[in-house]
Amino acid sequence: MYFDGKVRDGYFEEYPIPPSIGRHRPDCISINENGKKAIGEAKTADDLNSIRTYEELLDYTTVCKNDPSYEYVFVGFPIEGELFFEQLCDKLPEANRSFIVPMKYYSDLDDEYEL
């Protein structure tokens with residue numbers, strides 16, 4: 001597993017920073033027991049309205065389309081950004097959209113739990 005940042009697992013191993021994919025570096029890349037990879041990206045509601053996020057998702061879904069070792073792009077975002085997320089996905093080529101897995105969360109939980 002690769003993480004963009006200093007993240008450690010339960011065994012206190014540091015994960016390397018993910019490699020760049022196209023023009024960008026994802027927040028996370030995981031690899032399952034069969035060698036299949038998933039890309040993870042976390043966004044704020046404001047991020048979903050940016051050209052950079054569009055370019056990231058275009059790069060990540062294009063690699064999924066062209067490289068069978070990549071299966072999915074998981075995108076975490078606050079539920080209040082759902083409309084922006086849908087509009088963003090509508091701009092992507094239709095063949096790329098099937099690789100995206102939305103992961104909505106309630107942002108009011110941020111105030112209750114310290115991560």
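Scoring rules and cut-offs
Residues numbered from 1 in each chain as written. Predicted model: local features only at pLDDT ≥ 70, side-chain atom pairs only at ≥ 80, totals over all residues. Heavy atoms only, no water. Helix = DSSP H or I, 4+ residues; strand = E, 2+ residues; numbered from the N terminus. Buried < 20%, exposed > 50% of the residue type's maximum accessible area, 1.4 Å probe, protein only. Contact = heavy atoms within 4.5 Å. Areas by Shrake-Rupley, 256 points an atom, 1.4 Å probe, with all protein chains shown as cover. Pairing = 2+ DSSP bridges. Phe/Tyr/Trp six-rings, centres within 6.5 Å; stacked < 30°, edge-to-face > 60°. Salt bridge = Lys/Arg side-chain N within 4 Å of Asp/Glu carboxyl O. Expected span 1.5 Å × (residues − 1).

(A) Here's a closer look at the overall build of the protein. Within the protein, the secondary structure is distributed over 4 helices and 5 strands. Along the protein, from the amino end to the carboxyl end, the secondary structure elements read β-β-β-α-β-α-α-β-α. A buried classification covers 33% of the 115 residues belonging to the protein. Restricting the contact set of the protein to residue pairs at least 6 apart, pairs at least 24 apart contribute 59%. As displayed, the protein offers around 7500 Å² of accessible surface, 52% of which is attributable to carbon and sulfur atoms.

(B) Molecular detail of the pairing of strand S2 (residues 28–31). Both S2 and strand S3 (residues 37–42) contribute to a ladder of 4 bridges, which runs antiparallel. Across the sheet, the residue bridging to isoleucine 31 is lysine 37, located in S3. Hairpin remark: S2 followed by S3, antiparallel, with 5 residues in the connecting loop; positive phi at glycine 35, about 85 degrees.

(C) How the structure looks around the side chain of aspartate 59. Within the secondary structure, aspartate 59 sits in helix H1 (residues 51–66). Given a relative accessible area of 12%, aspartate 59 falls into the buried group. Setting aside its immediate chain neighbours within four residues, aspartate 59 contacts Ile21, Gly22, Arg23 and His24.

(D) Here's a closer look at the packing of aromatic side chains. With the rule as written, the count across this model stands at 2 aromatic pairs. Ring centres 4.4 Å apart and planes at 20 degrees place the aromatic pair phenylalanine 77 and phenylalanine 85 in the stacked group. Exposure remark for phenylalanine 85: the relative accessible area of 6% places this residue in the buried category.

(E) Examining the pattern of salt bridges more closely. One pass over the full model with this rule turns up 6 salt bridges. Lysine 43 is the partner of glutamate 56 in a salt bridge, and the nearest nitrogen-oxygen pair spans 2.5 Å. Of the two residues, glutamate 56 is situated in helix H1 and lysine 43 in the loop between S3 and H1; the sequence distance between them amounts to 13 residues. A salt bridge links glutamate 82 to lysine 104, with the nearest nitrogen and oxygen atoms 2.8 Å apart. Here the residue glutamate 82 occupies a position in helix H2 (residues 82–91), and lysine 104 occupies one in strand S5 (residues 100–105), the gap between them amounting to 22 residues. A relative accessible area of 25% means that glutamate 82 is categorised as partly exposed. One network of salt bridges, with partners in common, ties together Glu41, Lys43, Arg52 and Glu56.

(F) Main features of H1. The end-to-end C-alpha separation of H1 is 22 Å, in line with the 22 Å expected for 16 residues at 1.5 Å each. Within H1 the residues assigned to the buried category are Thr53, Glu56, Leu57, Leu58, Asp59, Tyr60, Thr61, Val63 and Cys64. Buried positions along H1 lie against S3, strand S4 (70–78), H2, helix H3 (94–97) and S5.

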